[in-house]
Amino acid sequence: MKLFGDTNIPFVPKRRFFFLISACLVVVSVLLIVFKGFHYGVDFTGGGLVQVRFSAPVKIDAVRAALTAMGEGGASIQQTETGDFLIRVKPSAKSGDESGFSSRLRQQFAVSFPNIPFEVLRDEAVGPRISKELQSKVLIAVLIGLIGILIYVSFRFDFRFGTGAALALIHDTLIILGFCALFNREITTTLIAAILTLIGYSVNDSIVVSDRIREAVKKIRKESFPDIVNRAVNDTLSRTVITALTTLFVTIALLILASAEIRDFAFALTVGIVVGTYSSIFVVANLVVEWEQKFPTRRRR
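Note that this is a predicted model, so its numbers are computed, not measured.

Visitor: Would you explain the overall build of the protein in this entry?
Guide: Summing up its helical and strand segments, the protein has 11 helices and 6 strands in all. Taken over the C-alpha trace, the protein has a radius of gyration of 24 Å; the compact-globule value for 301 residues is 19 Å, which it surpasses by more than 25%. A principal-axis box enclosing the C-alpha atoms of the protein has dimensions of 85 × 40 × 30 Å. In the protein, which comprises 301 residues, the share counted as buried stands at 47%. Nonlocal contacts in the protein, meaning residues at least 24 apart in sequence, comprise 78% of its contacts between residues at least 6 apart. Once the 34 positive and 25 negative side-chain charges of the protein are each reduced to a mean point, those two points are 8 Å apart.

Visitor: Would you explain the pattern of salt bridges in this entry?
Guide: Think of it this way: side chains of opposite charge can pair up when their charged atoms draw near. For the structure shown, the criterion picks out 11 salt bridges. One salt bridge connects Arg-53 with Asp-84, and the closest N-O pair in it is separated by 2.7 Å. Separated by 31 residues along the polypeptide, Arg-53 in strand β2 (residues 47-54) and Asp-84 in the loop between β3 (76-79) and β4 (85-89) bring together distant segments of the chain. A salt bridge links Arg-160 to Asp-158; the nearest nitrogen and oxygen atoms lie 2.9 Å apart. Residue Asp-158 is classed as partly exposed on the basis of its relative accessible area, which comes to 24%. One network of salt bridges, with partners in common, ties together Arg-15, Arg-16 and Glu-290.

Visitor: Hey, could you run me through unusual backbone geometry in this one?
Guide: As a rule of thumb, non-glycine residues mostly have phi less than zero, and peptide bonds are mostly trans rather than cis. Residue Asn-184 is not a glycine yet carries a positive backbone phi of 55°. Asn-184 gets classed as partly exposed once you look at its relative accessible area, which sits at 47%.

Visitor: Explain the pairing of β4 here, please?
Guide: In the case of a regular strand, side chains alternate between the two sheet surfaces. Where burial is concerned, most of β4 is hidden: 5 out of the 5 residues are buried. The alternating pattern of β4 places Phe-85, Ile-87 and Val-89 and Leu-86 and Arg-88 on opposite faces, both of which are buried. Pairing geometry for β2 and β4, over 5 bridges, is antiparallel. In the sheet register, Leu-49 faces β4, and the bridge partner there is Arg-88. Note: β3 against β4, 4 bridges, orientation antiparallel. When the sheet's bridge partners are listed, Ser-76 is paired in β4 with Arg-88. Between the end of β3 and the start of β4, which pair antiparallel, lie 5 residues, with Gly-83 showing a positive phi angle near 95°.

Visitor: For this particular structure, what's the right way to read the packing of helix α1 (residues 15-36) against helix α11 (residues 284-294)?
Guide: In helix packing, the relevant descriptors are the interaxial angle and the interaxial distance, both defined with respect to the helix axes. Packing of α1 against α11 leaves a shortest axis separation of 10 Å and a crossing angle of 120°. In terms of axis orientation, α1 runs oblique to α11. Our pair here, α1 against α11, has a crossing hand that is left-handed. From α1, Arg-15, Arg-16, Phe-18 and Phe-19 reach across to α11, where they touch Asn-286, Leu-287, Val-289, Glu-290 and Gln-293. For the contact of α1 with α11, a count of residues per class yields 4 nonpolar, 2 polar and 3 charged.

Visitor: Looking at this structure, I do not really get the sheet that holds β3. What am I missing?
Guide: Strands in a sheet are paired, the pairing made by backbone hydrogen bonds, and the direction either parallel or antiparallel. Reading across from one edge, β3-β4-β2-β5 is the order of the 4 strands in this open sheet, with antiparallel pairing throughout. On the outer flanks of this sheet lie β3 and β5 (118-126), each paired with one strand and no other. Taking each pair of neighbouring strands and ignoring which way they run, the sheet shows an average axis angle of 15°.

Visitor: Please explain a nonpolar patch on the surface as it appears in this structure.
Guide: Residues Val-27, Val-30, Leu-31, Val-34 and Phe-35 make up a contiguous nonpolar surface patch of about 490 Å² in total accessible area. Take Phe-35: it is sitting in helix α1. Under the relative-accessibility criterion, Phe-35 is labelled exposed at 69%.

Cut-offs and rules
Residues numbered from 1 in each chain as written. Predicted model: local features only at pLDDT ≥ 70, side-chain atom pairs only at ≥ 80, totals over all residues. Heavy atoms only, no water. Helix = DSSP H or I, 4+ residues; strand = E, 2+ residues; numbered from the N terminus. Rg over C-alpha atoms; globule rule 2.2 N^0.38 Å. Buried < 20%, exposed > 50% of the residue type's maximum accessible area, 1.4 Å probe, protein only. Contact = heavy atoms within 4.5 Å. Lys, Arg positive; Asp, Glu negative; His and termini not counted. Charge placed at Lys NZ, Arg CZ, Asp CG, Glu CD. Salt bridge = Lys/Arg side-chain N within 4 Å of Asp/Glu carboxyl O. Pairing = 2+ DSSP bridges. Axes fitted to C-alpha atoms, helices over the stretch in contact; angles between N-to-C directions. Parallel < 35°, antiparallel > 145°, perpendicular 65-115°, else oblique. Left-handed = near helix turned anticlockwise from the far one by under 90°. Nonpolar A, V, L, I, M, F, W, Y, C, P; charged D, E, K, R; others polar. Patch = residues over 30% accessible without salt bridge, like charges linked within 9 Å, V, L, I, M, F, W, Y side chains within 5 Å. Areas by Shrake-Rupley, 256 points an atom, 1.4 Å probe, with all protein chains shown as cover.

Don't take any of this as a statement about function, it's just geometry.
Laid out in structure tokens, this is it:
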């Protein structure tokens, strides 16, 4: 199935323009990450997080008063669009008693709201030592993923394609994190899992484009390398866009209909699919062309 028919879009001749767009997106993302920062979840900060749903409307001031009565006046309270309360406490506020917070909260709410039944929908507790270990393990997981992809793509194609794919993945990851910072999305292990999933998804599209370039280079001898690459990217355009759209339909449905904790996961997937599709079309092949222009392979010198 072809979505666009035969196209001849100048992806490669206009590569400097697309590089400029990518550079702007990456710079803005880095600035957002540095100056706005992330909204880390309990997984990374340590402490306790409890999501409570009351059967009748309860004002946030009443919830605050109940928390103050149990000695947790410094807790962060956030009310979701469904009326649930997300209550976070830091490890220092609980003297390291993460696991006891939920039970104390239930007891206090039973006293403060005797005629309003409530339900605890989410109960998470992470100690500060575990959260620091988790931070380092996440970085190691991302690095291992990138190095593994670099080695695999370099082995299957060559080092130029491997480097292009790895740089595109770094480009994608930074932009996704920039969007998370911009929209104040909570950085949790679930969201990190989404980013690791996207790394695999994005490189799959890059491999399809690289494979078509390799086939075209073997078959076509009269055209220049940039022309061959441009034709290969156009040939795979319909396949790349259709794959992205079919996946986007699912992630957008999750983004609209899913619960709050799944919504962050769907948000990262939705942004990542768009950015990953962009980099597969506009970044990876153009990086390889740029490399070939500066350091031509032996058969093309």
